[in-house]
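Notes for the structure review
Residues per chain are reported as follows:
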Amino acid sequence: MPFVYLREQFADAEPILAALRELVATGDFTLGKAVADFEAAFAARLAARHAIGVNSGTDALKLSLRALGVGPGGEVITAANTFIATAGAIADVGARPVFVDVDDSFCIDPDRIEAAITPKTKAIIPVHLTGNVADLPRIAAIAARHGVPIVEDACQAICSTLDGRCAGTWGITGTFSLHPQKFLNIWGDGGVIVTNDDALAQKLRLLRNHGLADRDTVVMLGVNSRLDSLQAVVARRVLDTAEAIIRRRNENAAIYDAGFAAIPGIRVPPRNPRVRHTFVTYQVFAEERDRLLAHCLANGVECKVHYPVPVYRQPALDHLGYRRGDFPVTDRQAAEAITFPVHQYLVREQLDHALAVVRDFRRARP
Ligand SMILES: Cc1ncc(COP(=O)(O)O)c(C=O)c1O
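Residues numbered from 1 in each chain as written. Predicted model: local features only at pLDDT ≥ 70, side-chain atom pairs only at ≥ 80, totals over all residues. Heavy atoms only, no water.

Re the site of the ligand
How we decide: Think of it this way: one heavy atom of a residue within 4 Å of a molecule or strand is enough to make that residue near it. The term polar contact refers here to a pair of N or O atoms within 3.5 Å; inside protein, the definition further demands a hydrogen-donor-capable atom paired with an acceptor-capable atom, and it admits residues adjacent in sequence only when both atoms are side-chain atoms. Note on areas: these come from Shrake-Rupley sampling with a 1.4 Å probe, and a residue is covered only by the protein chains present in the view. Counting from the N terminus, the helices are the DSSP runs of H or I reaching at least four residues and the strands are the DSSP runs of E reaching at least two. Amino acid classes used here: Ala, Val, Leu, Ile, Met, Phe, Trp, Tyr, Cys and Pro are nonpolar; Asp, Glu, Lys and Arg are charged; the rest, including Gly, are polar.
Around the ligand lies a shell of 14 residues, among which Gly-57, Thr-58, Asp-153, Ser-177 and Lys-182 are the nearest. A distance of 2.6 Å separates an oxygen atom of the ligand from a polar side-chain atom of Ser-177. Protein chains bury 93% of the 390 Å² of accessible surface belonging to the ligand in isolation. For the shell around the ligand, the secondary-structure elements that each account for two or more residues are helix H4 (57-67) and helix H5 (84-92). Its residues placed into classes, the shell around the ligand shows four nonpolar, eight polar and two charged.

In structure tokens:
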């Protein structure tokens, strides 16, 4: 049961290659129609006013923060359990990441946000980890009370919804990754920012392209963070398959949930019925996680751990002064969470095999 499925996904790449050949014939290689078409389709799919293609999810975060004027001296609150890119983007614009613990949804615990707000807080970045959605209504109420904007890190949550509304469309911006490890995956790096704010959208379009209002006029200092036009062609095609992918992943997750719930020593995270999860990763909590991981790997189930060392304990962030134990739920997840393959190419026998492997492991325990 391999974790990665990209060979299967692109086994018949002919339609994409045909679209790429069409692009090559036009020579329209930077921004242009390919990017505009993808942006329009992505915005429509998420019911957002604007989508702006950029070169990665990391840049989507960085440009969002820059567009909001977040920089040196500012603090940005985010989840202690996240991929390094969230904290890295905050630090890269010169601000200070302020971590808040998560809860069993793998997302920031709304009960703990307010205590982290200071006069220096310039933004809150909830991270929709695993394809779940953070408690956005509560986070939005807290943010509004303090006049702080929300930038959603929806890099792992393309098309995830809460109360029917897409992750990424609740904050002032929502940021997405098209990296091959996400399910809307392209053939390299790419990202998207969505926003319903017209002025911000215009600013973000300038920031991603050197601040060029036209060929010869630079109205603000920006960067080169354009979504590659070739990748936009790939993304446009994969977007058409998103619904089918999400459905399959949810079916797989439901089989796992039912199976794992009956195995002692395994705990399935709570499922919020208001959320449509997209299961970029499928994670449960396990006693003796590292032994179970080794057992799964030895029996052909390619499990992983996201993330064994929480970002707040990474050496690169030592200067922030956090210490082991500051975020007990994040620490527990780092010790207990195990990720099972959940992708859309798995068949029932493989899911049953994974469950049987875990059952065997538990049976062998005293
Ligand atoms: C939670 C989270 N934030 C940000 C990113 C950064 O996205 P990218 O790899 O496209 O820069 C990722 C993906 O790797 C992610 O999982």
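Having seen the structure, we can now continue with the description.
Here's the deal with the environment of Ala-254
If you trace the backbone, Ala-254 turns up in helix H9 (residues 242-261). In sequence terms Ala-254 and Ala-334 are 80 residues apart; their C-alpha atoms lie 23 Å from each other.

A short note on the packing of aromatic side chains
What counts is decided by this rule: Whether two aromatic rings pair depends on their centres lying within 6.5 Å, for rings of Phe, Tyr and Trp, where Trp uses its six-membered ring; planes under 30 degrees apart make the pair stacked, over 60 edge-to-face, and the rest tilted. Working definition: with a 1.4 Å probe on protein chains only, accessible area under 20% of the residue-type maximum means buried, over 50% means exposed, and in between means partly exposed.
One pass over the full model with this rule turns up 17 aromatic pairs. Measuring from centroid to centroid gives 4.7 Å for Tyr-312 and Phe-327, while their planes differ by 80°, and the two rings are edge-to-face. Within this pair, whereas Tyr-312 is found in the loop between helix H10 (289-298) and helix H11 (328-336), its partner Phe-327 is found in the loop between H10 and H11, the two being separated by 15 residues in sequence. Taking relative accessible area as the criterion, Tyr-312 reaches 2% and is therefore assigned buried.

Side note on the sheet that holds strand E14 (residues 282-286)
Quick reminder of the rule: Strands were regarded as paired on the criterion that DSSP finds at least two bridges between them. We call two residues in contact when some of their heavy atoms are within 4.5 Å. The convention used is that axes are lines fitted to C-alpha atoms, helices contributing only their stretch in contact, and that angles between N-to-C directions extend from 0 to 180 degrees.
With antiparallel pairing, three strands are arranged side by side in an open sheet as E12-E14-E15. The open sheet has two edge strands with one neighbour each: strand E12 (266-267) and strand E15 (337-340). Contacts from H9 reach E12, E14 and E15 within the one sheet, and its direction differs from that of E14 by about 10°.

What to know about the pairing of strand E2 (residues 75-79)
Under the convention used in this document: Look down the strands so they point away from you; if going from the first strand over the helix to the second traces a clockwise path, that crossover is right-handed.
Counting buried positions along E2 yields five of five residues, so the element is predominantly enclosed. Bridge count between E2 and strand E3 (residues 96-100): five bridges; the pairing is parallel. Paired with Ile-77 across the bridge in E3 is Val-98. Handedness of the β-α-β unit built from E2, H5 and E3 comes out right-handed.

A word on the domain arrangement of the protein chain
Test applied: Domain boundaries shown here were taken from an automatic or database domain assignment. When two components associate, each loses some accessible surface as probed by a 1.4 Å sphere; the sum of these losses over both components is called the buried area. The term salt bridge refers to a pairing of a side-chain nitrogen on Lys or Arg with a carboxyl oxygen on Asp or Glu at a separation within 4 Å.
For the protein chain, the assigned domains read domain 1 (6-239) and domain 2 (242-363). Both faces considered, domain 1 and domain 2 share a buried interface measuring about 3,200 Å² in area, 56% of it formed by carbon and sulfur atoms. Area buried by domain 1 at its contact with domain 2 is led by Phe-99, Asp-104 and Phe-183, which between them contribute 21% of it. At the boundary of domain 1 with domain 2, the tally comes to four salt bridges. Among the salt bridges present, the one from Arg-45 reaches Glu-243, with a minimum N-O distance of 2.3 Å. Taken together, the links from domain 1 to domain 2 amount to 21 residue pairs in polar contact (both at pLDDT 80 or more). Put simply, the parts of the chain that give the side of domain 1 that touches domain 2 at least two residues each are helix H1 (6-9), H5, E3, strand E6 (161-162) and helix H8 (229-239). Tallying contributions element by element places E3 first for the side of domain 1 that touches domain 2, with five residues. Partitioning the side of domain 1 that touches domain 2 into residue classes produces 20 nonpolar, 10 polar and eight charged.

Points about the packing of helix H3 (residues 32-46) against H8
As a reminder, the rule being used: Crossings are sorted by hand: turned counterclockwise from the far helix by less than a right angle, the near helix makes the crossing left-handed, and turned clockwise it makes it right-handed.
Where H3 meets H8, the closest approach of the two axes is 8 Å, and the angle between their N-to-C directions is 35°. Pair H3 / H8 crosses with left-handed handedness. Every residue of H8 that contacts H3 at Ala-34, Val-35, Asp-37, Phe-38, Ala-41, Phe-42 and Arg-45 is listed here: Ser-229, Ala-232, Val-233, Ala-235, Arg-236 and Leu-239. Here the residues of the contact of H3 with H8 sort into nine nonpolar, one polar and three charged.

Things to note about the nonpolar core
Our working rule: Put simply, buried Ala, Val, Leu, Ile, Met, Phe, Trp, Tyr and Cys residues joined by side-chain atoms within 4.5 Å make one nonpolar core.
Of all hydrophobic cores here, the largest spans 45 residues; its most connected members are Phe-38, Phe-42, Leu-178, Phe-183 and Leu-184. Elements represented by at least two residues in this core include exactly helix H2 (14-26), H3, strand E9 (191-195), H8 and H9. If one sorts the elements of this core by residue count, H3 sits on top with seven residues. Shared between two domains, this core takes at least three residues from each, and those domains are domain 1 (6-239) and domain 2 (242-363). Cys-107, Ile-113, Ala-134 and Tyr-307 belong to the second largest nonpolar core, which has 33 residues in total.

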